[in-house]
Amino acid sequence: MSALNRVPSLMVRAGTASALTLAAVGGSVVIPGVAADAAAATPATKALKVAASKKGSPYKYGATGPGRFDCSGLTLYSFKKAGKKLPRTAAQQYNKTRHIGAGSRKAGDLVFFHSGSNVYHVGIYAGKGKIWHAPKTGDVVRLQKIWTKSVWYGRVK
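Residues numbered from 1 in each chain as written. Predicted model: local features only at pLDDT ≥ 70, side-chain atom pairs only at ≥ 80, totals over all residues. Heavy atoms only, no water.

Enquirer: So, the overall build of the protein: which residues are in play, and what are the values?
Expert: The helix and strand inventory of the protein stands at six helices and eight strands. When the helices and strands of the protein are listed from N to C terminus, the series reads α-β-β-α-α-α-α-α-β-β-β-β-β-β. Looking at the protein as a whole, 37% of its 157 residues are labelled buried. Long-range pairs, those at least 24 residues apart, make up 50% of the contacts in the protein with a sequence separation of at least 6. Carbon and sulfur atoms make up 56% of the accessible area of the protein, which amounts to about 9,200 Å² in all. (Helix = DSSP H or I, 4+ residues; strand = E, 2+ residues; numbered from the N terminus. Buried < 20%, exposed > 50% of the residue type's maximum accessible area, 1.4 Å probe, protein only. Contact = heavy atoms within 4.5 Å. Areas by Shrake-Rupley, 256 points an atom, 1.4 Å probe, with all protein chains shown as cover.)

Right under this line is the structure:
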C-alpha cells in the first residue's frame, strides 16, 4: 500500500475544495495514479497478489499449493483464492481464457508459453514484461522477465 493510500481522506485536497467538502456534497476525490480499493481488487489483481505472496515456494511437478507448485498449479491456486475457477493444466487454462493481444495485456492476465500450437508453460503477468511463475524442478516461485516472443495472453473470464 502506498503512503498516499494511508493519508486520511480529510487531508487530501482536490483543487480548491477539500475532501471534506466533496464528501459533504456526495463527491469523490480522484488522485492520479492511485486506484480506489474497489477498482484495484479485481480477481486478476487478487490472483497476482496471491502469486507474489508465494515467492520462494519450491517447484514440484503436479503440485497445486499451498506450499509447493508447478506452473499451472500456481495459476490455479492464485485464481481460486481470488474466486475464479481454472482447469488444471496450462493448455486447458489457455482454452478457458479470453485470448488477447500483447498490446491489451494487463497485470493479472495469464501468459502462455508455446511451441507451435503446444502450450507448455503459464505464468501471471505482473506488468513491465515480467511474470510470476513456478519455473521448473529445482527452482522456486519467482518474478522473471518474459524470455521469449513465443507467448500468448489470456484473460480469465
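Further notes follow.
Enquirer: Explain the sheet that holds strand β3 (residues 97-100) residue by residue, including any values.
Expert: In space, the six strands of this open sheet follow the order β3-β8-β4-β5-β6-β7, with antiparallel pairing throughout. Each end of this open sheet is capped by a strand with a single partner; those strands are β3 and β7 (142-145). Each strand axis lies, on average, 40 degrees off the axis of its neighbour in the sheet, ignoring direction. Where strand β4 (residues 110-115) and strand β8 (residues 151-156) come together, four bridges link them in antiparallel fashion. (Pairing = 2+ DSSP bridges. Axes fitted to C-alpha atoms, helices over the stretch in contact; angles between N-to-C directions.)

Enquirer: Which residues make up the packing of helix α4 (residues 43-53) against helix α5 (residues 71-81), and what values go with them?
Expert: Orientation of α4 relative to α5, taken along the N-to-C sense of each, is 125 degrees, at an axis distance of 8 Å. By the criterion of interaxial angle, the relationship of α4 to α5 is oblique. Considering the relative orientation of α4 and α5, their crossing is right-handed. Listed contacts from α5 to Pro43, Ala44, Ala47, Val50 and Ala51 of α4 are Leu74, Tyr77, Ser78, Phe79 and Lys81. Classifying every residue of the contact of α4 with α5 by side-chain character gives eight nonpolar, one polar and one charged. (Parallel < 35°, antiparallel > 145°, perpendicular 65-115°, else oblique. Left-handed = near helix turned anticlockwise from the far one by under 90°. Nonpolar A, V, L, I, M, F, W, Y, C, P; charged D, E, K, R; others polar.)

Enquirer: Quick rundown of the side chain of histidine 114? Include the residues and the values.
Expert: Residue position: histidine 114 is located in strand β4. From its side chain, histidine 114 meets the backbone oxygen of glycine 116 in a polar contact 2.8 Å long. Here the side chain of histidine 114 touches tryptophan 152 through a polar contact of 3.2 Å, side chain to side chain. Sequence-distant contacts of histidine 114, that is, excluding residues within four places in its chain, are made with Val119, Tyr120, Ser150, Val151 and Trp152. (Polar contact = N/O pair within 3.5 Å; in protein donor to acceptor, adjacent residues only side chain to side chain.)

Enquirer: Could you give an account of the packing of aromatic side chains, naming the residues involved and the relevant values?
Expert: Scanning the entire structure with this criterion turns up five aromatic pairs. Seen in terms of ring centroids, phenylalanine 69 and tyrosine 77 are 5.2 Å apart; in terms of plane orientation they differ by 65 degrees. Their pairing is edge-to-face. Each member of the pair phenylalanine 69 and tyrosine 77 is classed as buried. By way of ring pairs, the aromatic residues Tyr94, Phe112 and Trp152 are connected into one cluster. (Phe/Tyr/Trp six-rings, centres within 6.5 Å; stacked < 30°, edge-to-face > 60°.)

Enquirer: Let's hear about the nonpolar core: which residues, and what values?
Expert: Side chains of nonpolar character tend, in soluble globular proteins, to be buried together. With 23 residues, the main nonpolar core has Phe69, Phe79, Leu110, Phe112, Val122, Ile124 and Val141 as its most contacted residues. Counting residues per element, the ones that place at least two in this core are α4, α5, α6 (90-96), β4 and β5 (118-127). When sequence neighbours within four positions are dropped, the list of residues in contact with valine 141 reads Ala51, Lys54, Lys55, Gly56, Ser57, Phe69, Leu74, Trp132, His133 and Ala134. (Core = buried A, V, L, I, M, F, W, Y, C linked by side-chain atoms within 4.5 Å.)

Enquirer: Explain the confidence of the model for the protein to me, using residue names and the numbers behind them.
Expert: Summary statistics for the protein give a mean pLDDT of 83 and a share of 75% for residues scoring 70 or more. Note that pLDDT drops below 50 for residues 1-38; the model gives that stretch 21 contacts with residues more than four away or on any other chain. (pLDDT = per-residue confidence, 0-100.)

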